[in-house]
Amino acid sequence: MSATVESDDTAYRIVTKERLVGNAMRWRRFGEPVPAGQSLSADGTPDYGVFGPESVVWEVLLHPATIVFQYPFQGLIQATYKPIIAGVRDADPISRNARKGTLTFFDVFERGQRNSGMHAPMWLGDSETARRMAKHLHTIHTKVAGDIIDVGAPELGGYAASEPRDAMWAALTEMHSMLWLYERFAFRDGRPPRRLSPEKRDRYLAEVAEYCRLVGAEEAKIPHTFAELDALYEEYADLFGPSETLAIMPATGENFEELAGENMKKNFHRSQLPSFFYAIALDHGLFRQLAIGASSGGLRRSLGMGPVRSRVAVAGARLGLPLVWVLQQKPFERFYMRLMWGPDGVRLIESARELRAQVRR
């Protein structure tokens, strides 16, 4: 009897292949998403959702490099925005599991695994699909709120993930990070990665404005050019950058990062090795290091990196470009697409790629 109880109590530590890969319900909310272009708008024209096949956003988003590296780049830039980190620290399922003492490497992997696939319906679905997912995420995020961003800087005030400021920055950091990785990592037209023209970059950001509206950003604050985005970063500069006290949970005084690390070590089971590999070795390890080297000097400073570490990171990213090219080739991209975007995400990506190809033809 005691052996059965022990088995039940520790079942969360066991990760089967089926649990690792997950089924559609890990990502799906409100039924199967409808891909952009497969429904009609009120005027009878195809409903392409928030962006559509002629958008620069789809050009960026649908590239294999973006499919593989989207989450590490998003996580990197969002790690510099203090309200997002405060929300993870206080209200994320990872934090709740850490406080309960049950956090595992699989929990960290599964948290990242859901990220891209749950955003895909907003980026690649029709208008109703995008609205439903945005409403769901808004409802979930109403619980992600607190009076203190950083115990070491009380003047920063609180955070609220579903309110206009933090919802806008969540959207902007998602989309800015995708453009960043596309320009740094996307091999295309037989040529190495390269920056888009200023006009095309501004067009990309003008398209992103509609996504900011979808998630509830304040209209007057939404940037439409990169000059406006740069000014916005400057306006909110106090909410970006490193802090030695940001990891301290206001409710308990514990260090969230230390608590999470202790939990994952304590709850380790050999069946978690694939989770460890994908979450820690790749997304938070190799991929993150490549992303750091490919980011701007300003972002590296926001991560607390000095000149020497910054130069080393840049050199590492340049040396890693052959590996980056390999990782965006079809076999690995297909595998990672299913693993990190889920079956609905795969269908949305394939449908959008075909739609874009038809328009281009």
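Residues numbered from 1 in each chain as written. Predicted model: local features only at pLDDT ≥ 70, side-chain atom pairs only at ≥ 80, totals over all residues. Heavy atoms only, no water.

A word on the nonpolar core
The tendency in soluble globular proteins is for nonpolar side chains to be buried side by side. Membership of the largest hydrophobic core comes to 101 residues, with the highest contact counts inside it found for Trp 123 and Trp 169. No other element matches helix H9 (residues 164-185), which puts 11 residues into this core. Excluding its chain neighbours within four sequence positions, the residues that come into contact with Trp 169 are Tyr 81, Leu 229, Leu 232, Tyr 233, Tyr 236 and Phe 240. (Core = buried A, V, L, I, M, F, W, Y, C linked by side-chain atoms within 4.5 Å. Buried < 20%, exposed > 50% of the residue type's maximum accessible area, 1.4 Å probe, protein only. Helix = DSSP H or I, 4+ residues; strand = E, 2+ residues; numbered from the N terminus. Contact = heavy atoms within 4.5 Å.)

Some thoughts on the pattern of salt bridges
Pairing between side chains of opposite charge can happen when the charged atoms of each approach one another. Within this structure, the stated rule accounts for 19 salt bridges. A salt bridge links Arg 203 to Glu 207; the nearest nitrogen and oxygen atoms lie 3.2 Å apart. One end of the pair, Arg 203, and the other, Glu 207, are both in helix H10 (residues 198-214), four residues apart, so they sit about a helical turn from each other. Judged by its relative accessible area of 16%, Glu 207 is buried. Among the charged side chains, a network of salt bridges with common partners joins Arg 26, Glu 110 and Arg 114. (Salt bridge = Lys/Arg side-chain N within 4 Å of Asp/Glu carboxyl O.)

Some points on the side chain of Gln 78
Here Gln 78 lies in helix H4 (residues 64-78). Setting aside chain neighbours within four positions, we find Gln 78 in contact with Ile 84, Ile 85, Ala 170, Thr 173 and Glu 174.

Topic: the confidence of the model for the chain
Summary statistics for the chain give a mean pLDDT of 94 and a share of 98% for residues scoring 70 or more. Across residues 1-7 the pLDDT falls below 50, and counting only partners more than four positions away or on other chains, this stretch makes zero contacts in the model. (pLDDT = per-residue confidence, 0-100.)

Thoughts on the environment of Gly 320
As for its position among the elements, Gly 320 is in the loop between helix H15 (307-319) and helix H16 (321-327). Overall, the relative accessible area of 11% leaves Gly 320 in the buried class. Here the alpha-carbon distance between Gly 320 and Leu 286, two residues 34 residues apart in the chain, equals 9.8 Å.

Section: unusual backbone geometry
Its identity as a non-glycine residue notwithstanding, Phe 30 has a phi of 60°, on the positive side. Residue placement: Phe 30 occurs in the loop between helix H2 (17-21) and helix H3 (56-61). For Phe 30, a relative accessible area of 52% gives the class exposed. A positive phi angle, close to 55°, is found at Asp 189, a residue other than glycine. As for its placement among the helices and strands, Asp 189 is situated in the loop between H9 and H10.

Thoughts on a negative patch on the surface
Side chains of Glu 254, Glu 257, Glu 258 and Glu 262 sit close together on the surface and give a patch of like negative charge. Relative to the assigned elements, Glu 262 resides in helix H12 (residues 256-266). (Patch = residues over 30% accessible without salt bridge, like charges linked within 9 Å, V, L, I, M, F, W, Y side chains within 5 Å. Areas by Shrake-Rupley, 256 points an atom, 1.4 Å probe, with all protein chains shown as cover. Lys, Arg positive; Asp, Glu negative; His and termini not counted. Charge placed at Lys NZ, Arg CZ, Asp CG, Glu CD.)

Quick notes on the packing of helix H7 (residues 105-124) against helix H17 (residues 330-360)
Where H7 contacts H17, the two axes come as close as 7 Å, and the packing angle between them is 20°. Here H7 lies roughly parallel to H17, going by the angle between them. Judged by the twist between their axes, the crossing of H7 over H17 is left-handed. Each of Phe 109, Gly 112, Gln 113, Ser 116, Gly 117, Ala 120, Pro 121, Trp 123 and Leu 124 in H7 lies in contact with H17, whose residues at this interface are Leu 339, Met 340, Trp 341, Gly 345, Leu 348, Ile 349 and Ala 352. Residue composition of the contact of H7 with H17, grouped by class: 11 nonpolar, five polar and no charged. (Axes fitted to C-alpha atoms, helices over the stretch in contact; angles between N-to-C directions. Parallel < 35°, antiparallel > 145°, perpendicular 65-115°, else oblique. Left-handed = near helix turned anticlockwise from the far one by under 90°. Nonpolar A, V, L, I, M, F, W, Y, C, P; charged D, E, K, R; others polar.)

A look at the environment of Ala 24
Its place among the elements puts Ala 24 in the loop between H2 and H3. On the basis of relative accessible area, Ala 24 is assigned to the buried category, the value being 17%. Measuring from C-alpha to C-alpha, the distance between Ala 24 and Arg 184 comes to 31 Å, with 160 residues separating the pair along the chain. When sequence neighbours within four positions are dropped, the list of residues in contact with Ala 24 reads Pro 343 and Asp 344.

A look at the packing of H4 against H7
Contact geometry for H4 and H7: axes closest at 10 Å, N-to-C directions at 105°. Taken together, H4 and H7 sit at an angle that is classed as roughly perpendicular. Across the interface between the two elements, Gln 70, Tyr 71 and Gln 74 from H4 touch Gly 112, Asn 115, Ser 116 and Trp 123 from H7. Tallied by class, residues from the contact of H4 with H7 come to two nonpolar, five polar and no charged.

Observations concerning a nonpolar patch on the surface
Among the surface-exposed residues, Leu 286, Leu 323, Trp 325 and Val 326 lie close enough to one another that they form a single nonpolar patch of about 340 Å² accessible area. Looking at the nonpolar patch element by element, the count peaks at three residues for H16.

A word on the layout of surface pockets
Gaps left between atoms show up when a probe the size of a water molecule is rolled over them. Space inside the second largest pocket adds up to approximately 500 Å³. As for the second largest pocket, its lining consists of 17 residues, of which Trp 180, Tyr 233, Ser 296, Gly 298 and Leu 299 are closest to the centre. The dominant element in the lining of the second largest pocket, judged by the number of residues it contributes, is helix H11 (residues 226-235), at four residues. (1 Å grid on protein atoms, 1.4 Å probe; cavity = no way out; pocket = protein on both sides within 12 Å on 5 of 7 lines; lining within 4 Å. Points joined across faces, edges and corners; volume = space filled by probe spheres on them.)

Overview of H12
Buried within H12 we find Phe 256, Leu 259, Ala 260, Asn 263 and Met 264. One face of H12 carries all of its buried residues, which in axial projection span an arc of 130°. Facing away from the buried side of H12 by over 90 degrees, the exposed positions are Glu 257, Glu 258, Glu 262, Lys 265 and Lys 266. Each element contacted by the buried residues of H12 is listed here: helix H5 (82-91), helix H6 (93-100) and H7. (Arc of directions from axis to C-beta.)

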